[in-house]
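# Geometric and topological summary
This is what each chain is made of:
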Amino acid sequence: MAVTKKHYSFTPGTLKVSREDYPKLKDQLYNFLGCSSDPEYYRKKKDYLNIPAHIKEGIEKIFSEFGVDVSDVWEIKG
């Protein structure tokens, strides 16, 4: 039985946030995801493989604080 890998990107959500609010959003996501560098943040932003449910929900909560609907946060490929 093959395991299906899903690739999650929260890039669409970042495009829904105003330019003025993006640095605050990025800072919150950076800290929540435990990123230690910009390349690590951008890699997770573009392609987070098989994201755990609690991380996905945490990201959605952060976006909701900026007025982004959950349905607008993700691009999912798999």
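What the rule picks out here adds up to 6 aromatic pairs. When the centroid spacing of 5.0 Å and the interplanar angle of 75° are considered together, the rings of Tyr41 and Tyr42 count as edge-to-face. On the accessibility criterion, Tyr41 (0% relative accessible area) is buried. In this structure Tyr42 comes out as partly exposed when scored by relative accessible area, which is 36%. Among the aromatic residues, ring-to-ring pairing joins Tyr8, Phe10, Tyr30, Tyr41, Tyr42, Phe63 and Trp74 into one connected group.

Because the α-helix completes a turn every 3.6 residues, residues three or four places apart line up on one side. Its 13 residues place the ends of helix 4 (residues 53-65) 19 Å apart at the C-alpha level, agreeing with the 18 Å of an ideal helix rising 1.5 Å per residue. Here helix 4 has its buried residues at Ile55, Gly58, Ile59, Glu60, Ile62 and Phe63. Those residues of helix 4 that are buried are in contact with helix 1 (11-14), helix 2 (22-33) and strand 2 (48-49). Among the residues trailing helix 4, Gly67 stands out with phi positive, at a value near 80°.

In this structure the tally under the stated criterion is 5 salt bridges. Between Asp38 and Lys26 there is a salt bridge whose closest N-O contact spans 3.3 Å. With Asp38 in helix 3 (residues 38-46) and Lys26 in helix 2, this residue pair connects regions lying 12 residues apart in the sequence. Across the salt bridge formed by Lys77 and Glu75, the nearest N and O atoms sit 3.6 Å from each other. Relative accessible area serves as the criterion here: at 37%, Glu75 is assigned to the partly exposed category.

About the criteria used
- Residues numbered from 1 in each chain as written.
- Predicted model: local features only at pLDDT ≥ 70, side-chain atom pairs only at ≥ 80, totals over all residues.
- Heavy atoms only, no water.
- Phe/Tyr/Trp six-rings, centres within 6.5 Å; stacked < 30°, edge-to-face > 60°.
- Buried < 20%, exposed > 50% of the residue type's maximum accessible area, 1.4 Å probe, protein only.
- Helix = DSSP H or I, 4+ residues; strand = E, 2+ residues; numbered from the N terminus.
- Expected span 1.5 Å × (residues − 1).
- Contact = heavy atoms within 4.5 Å.
- Salt bridge = Lys/Arg side-chain N within 4 Å of Asp/Glu carboxyl O.

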